[in-house]
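Observations on the three-dimensional arrangement
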Amino acid sequence: MLIKNTIIGLFLAIILSGCSSSKSSSLYSWGDYEQTVTSFYQQDKVGLDKQIDSLNKNIQKAKAKELAIPPGLYAHLGMLYANTGRTAEAFDAFATEKALFPESTVFMDFLSRNKRIVK
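So, here's what we can say about the structure. None of the values given here were measured: they were computed from a predicted structure.

Conventions and cut-offs
Residues numbered from 1 in each chain as written. Predicted model: local features only at pLDDT ≥ 70, side-chain atom pairs only at ≥ 80, totals over all residues. Heavy atoms only, no water. Helix = DSSP H or I, 4+ residues; strand = E, 2+ residues; numbered from the N terminus. Buried < 20%, exposed > 50% of the residue type's maximum accessible area, 1.4 Å probe, protein only. Phe/Tyr/Trp six-rings, centres within 6.5 Å; stacked < 30°, edge-to-face > 60°.

Bringing the environment of Ala-62 into the picture now. When you line up the elements, Ala-62 lands in helix α3 (residues 48–64). Judged by relative accessible area, which is 0%, Ala-62 ranks as buried. Between the C-alpha atom of Ala-62 and that of Gly-31, which follows or precedes it by 31 residues, the distance is 8.1 Å.

So this is what it looks like as structure tokens:
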């Protein structure tokens, strides 16, 4: 019984040590994207222009490290541009989102057609 418990304990320790890797890898470079999205819903704390700058910095950092831009980042950037009256830049961001993530085409087309972007 002692040997069986020892083997089970060692097996669990090996499994758990593999799960607790100190290096986190992700398919996408998220940067502070989550913080920026949170800021969007707390606009009284962080203005839209500052959020736009933050997302553009995320994009630049990811490109510099040759990491993938996460899904939704360009869509969110496009909505921010649209909410600040920068329609041409909004359409460019929506087009980039569609190019990177073709599954977003229907939604990006909807946002492109919709003159009143939801705030």
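Structure shown, so let's carry the discussion forward.
In this section: the packing of aromatic side chains. Within the structure shown, the criterion is met by 1 aromatic pair. Ring plane angle 20° and centroid distance 6.3 Å describe the contact between Phe-107 and Phe-110, whose orientation is recorded as stacked. Of the two residues, Phe-107 and Phe-110 are both situated in helix α6 (residues 105–113); the distance of 3 residues between them amounts to about one turn of the helix.

The element helix α4 (residues 73–83) is extensively covered by neighbouring structure, given that 10 of its 11 residues are classed as buried. When α4 is considered as a whole, its buried residues turn out to be Leu-73, Tyr-74, Ala-75, His-76, Leu-77, Gly-78, Met-79, Leu-80, Tyr-81 and Asn-83. Positive phi appears at Gly-85, one or two residues downstream of α4, with a value of about 80°.

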